[in-house]
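Structure assessment
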Amino acid sequence: MTGYHLKLANGIISWQSRAQKTIALSATEAEYMALSDCSRQVVWIQNIFTELGLPVKPTQICADNEGGIFIASNPVQERHTKHIDVRFHYVRDLIEQKRIDVVWVTDKNSADIFTKNLGYIKFEKFRSMLGLEFYSSK
């Protein structure tokens, strides 16, 4: 699963949760592909801001897989990553251009609500952290 959300002024302005189109051979590879998808959305938002004349700083992307962050931050081709489709390496260019900054988070990755089956306590924690309200009709 790929899942991410983008926040502006403490509110979610964009989010996605979907099955990945490509099969990943490891959790690191799956996280790297999700990081690439998220970075493409970040660039789209940055381009809108630039067209509106608003200043754009490097956008911080939080990821919870150190291996995925390492692959994105180090453009060295290794035998473990040579099979990854070239389009996913776009994230490396964005880091080099200083358009994004990838940081590691531990158990406080709020995107988990979009990708994992969470227990009630953890779900409620992330829901309140994101300010999400769910309504049901009877």
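This text goes with the structure placed above it.
Residues numbered from 1 in each chain as written. Predicted model: local features only at pLDDT ≥ 70, side-chain atom pairs only at ≥ 80, totals over all residues. Heavy atoms only, no water.

**So, the overall build of the protein**
Counting secondary structure elements, the protein contains five helices and four strands. When each of the 138 residues of the protein is scored for burial, the buried share is 35%. In the protein, the share of contacts with a sequence separation of at least 24, taken over all contacts with a separation of at least 6, comes to 59%. For the protein, the computed accessible surface area is about 9,100 Å², with 55% contributed by carbon and sulfur atoms. (Helix = DSSP H or I, 4+ residues; strand = E, 2+ residues; numbered from the N terminus. Buried < 20%, exposed > 50% of the residue type's maximum accessible area, 1.4 Å probe, protein only. Contact = heavy atoms within 4.5 Å. Areas by Shrake-Rupley, 256 points an atom, 1.4 Å probe, with all protein chains shown as cover.)

**Things to note about the nonpolar core**
Counting 20 residues, the largest nonpolar core has Tyr32, Leu35 and Ile100 as the members making the most contacts within it. If you list the elements that add at least two residues to this core, you get strand E1 (2-8), helix H1 (27-51), strand E3 (59-63), helix H2 (66-73), helix H3 (90-96) and strand E4 (100-104). A per-element tally of this core places H1 first, with seven residues. When neighbours within four sequence positions are excluded, Leu35 is seen to be in contact with Ile61, Ala63, Gly68, Ala72, Val91 and Val102. (Core = buried A, V, L, I, M, F, W, Y, C linked by side-chain atoms within 4.5 Å.)

**As for the packing of H1 against H2**
Contact geometry of H1 with H2 gives a least axis separation of 8 Å together with a crossing angle of 55 degrees. The angle between the axes of H1 and H2 places the two elements in the oblique class. Crossing of H1 against H2: the hand is right-handed. Of the residues in H2, those touching H1 at Thr28, Tyr32 and Leu35 are Gly67, Gly68, Ile71 and Ala72. Residues that form the contact of H1 with H2 fall into these classes: four nonpolar, three polar and no charged. (Axes fitted to C-alpha atoms, helices over the stretch in contact; angles between N-to-C directions. Parallel < 35°, antiparallel > 145°, perpendicular 65-115°, else oblique. Left-handed = near helix turned anticlockwise from the far one by under 90°. Nonpolar A, V, L, I, M, F, W, Y, C, P; charged D, E, K, R; others polar.)

**What about a nonpolar patch on the surface?**
Taken together, the side chains of Trp44, Ile48, Leu52 and Leu54 make up a nonpolar region of the molecular surface, amounting to roughly 420 Å² of accessible area. For Trp44, the position within the fold is in helix H1. (Patch = residues over 30% accessible without salt bridge, like charges linked within 9 Å, V, L, I, M, F, W, Y side chains within 5 Å. Salt bridge = Lys/Arg side-chain N within 4 Å of Asp/Glu carboxyl O.)

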